Amino acid sequence: MSGVTIVGALLRASEALTAVVPAESIKAGRLPDDVALPAILLRTVSSLEWQALTRGATVPTTDRVAVAVRAKSYRDQRAVIRLIVAACAGQTGSIAGFESVAVLTAGTGPDGIGPGDSYEQTQDFRVSFDAPA
């Protein structure tokens, strides 16, 4: 869940984003059915460890993280996606206790219909970092 932890930290640190989506509405794993909109859901799509002949103290890892937006309108959905990209894309360094972090965009998913007649869309990121072995 390290990629999710890193992206979650970036999202919660973005004042522009949390002005629209409160930090308590940014969740990992699952959103409650009665969540106030707009809300953000973080999930790991895949995780890949770089293979080395000798395992060291850390393992270079790349996670694909999906950041799903659930909103009341299409306009709100698109606005939150833009704020998510601004908060995460191109971030590097030490983030959320992880070293050698690099966050790149990895595509935007299709528009969808969410529960309760809400609007949904996913923005993916490739999150590279050194994970403890």
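In this text the structure is predicted, and so the values were computed from the model without any measurement.

Trainee: Teacher, can you tell me more about the pattern of salt bridges here?
Mentor: Think of it this way: side chains of opposite charge can pair up when their charged atoms draw near. Throughout the structure, instances matching the rule amount to 2 salt bridges. Here arginine 64 makes a salt bridge to aspartate 124, at a shortest N to O gap of 3.0 Å. With arginine 64 in strand β3 (residues 58-71) and aspartate 124 in strand β7 (residues 118-132), the pair connects residues that are 60 residues apart, well separated along the chain. Looking at arginine 64, the relative accessible area reads 29%, which means it is partly exposed.

Trainee: Honestly, the packing of aromatic side chains in this entry has me stumped. Any pointers?
Mentor: To describe a pair of aromatic rings, you give the distance between the ring centres and the angle between the ring planes. Within the structure shown, the criterion is met by 1 aromatic pair. Considering the side-chain rings of phenylalanine 98 and phenylalanine 129, the 5.4 Å spacing of their centres and the 70° angle between planes classify their relative orientation as edge-to-face. A residue pair is termed long-range when its members are at least 10 positions apart, and phenylalanine 98 in strand β5 (residues 98-108) and phenylalanine 129 in strand β7 qualify at 31 residues.

Trainee: I would appreciate a short explanation of helix α1 (residues 2-13) in the present structure.
Mentor: Each α-helix turn comprises 3.6 residues. Residues three or four places apart therefore point the same way. Between its first and last C-alpha atoms α1 spans 17 Å; for 12 residues at 1.5 Å apiece the expected length is 16 Å, and the two agree. Looking only at α1, the buried set comprises Ser2, Gly3, Val4, Ile6, Val7, Gly8, Leu10 and Leu11.

Trainee: What exactly am I supposed to notice about the side chain of glutamine 123 here?
Mentor: Note that glutamine 123 resides in strand β7. A relative accessible area of 3% places glutamine 123 in the buried class. Polar side-chain contacts of glutamine 123 include one of 3.2 Å to the backbone oxygen of glycine 107. Setting aside residues no more than four positions away along its own chain, glutamine 123 makes contact with Val65, Ala66, Val67, Ile81, Ile84, Val85, Thr105, Ala106, Gly107 and Thr108.

Each value, and the rule that gives it
Residues numbered from 1 in each chain as written. Predicted model: local features only at pLDDT ≥ 70, side-chain atom pairs only at ≥ 80, totals over all residues. Heavy atoms only, no water. Salt bridge = Lys/Arg side-chain N within 4 Å of Asp/Glu carboxyl O. Helix = DSSP H or I, 4+ residues; strand = E, 2+ residues; numbered from the N terminus. Buried < 20%, exposed > 50% of the residue type's maximum accessible area, 1.4 Å probe, protein only. Phe/Tyr/Trp six-rings, centres within 6.5 Å; stacked < 30°, edge-to-face > 60°. Expected span 1.5 Å × (residues − 1). Polar contact = N/O pair within 3.5 Å; in protein donor to acceptor, adjacent residues only side chain to side chain. Contact = heavy atoms within 4.5 Å.

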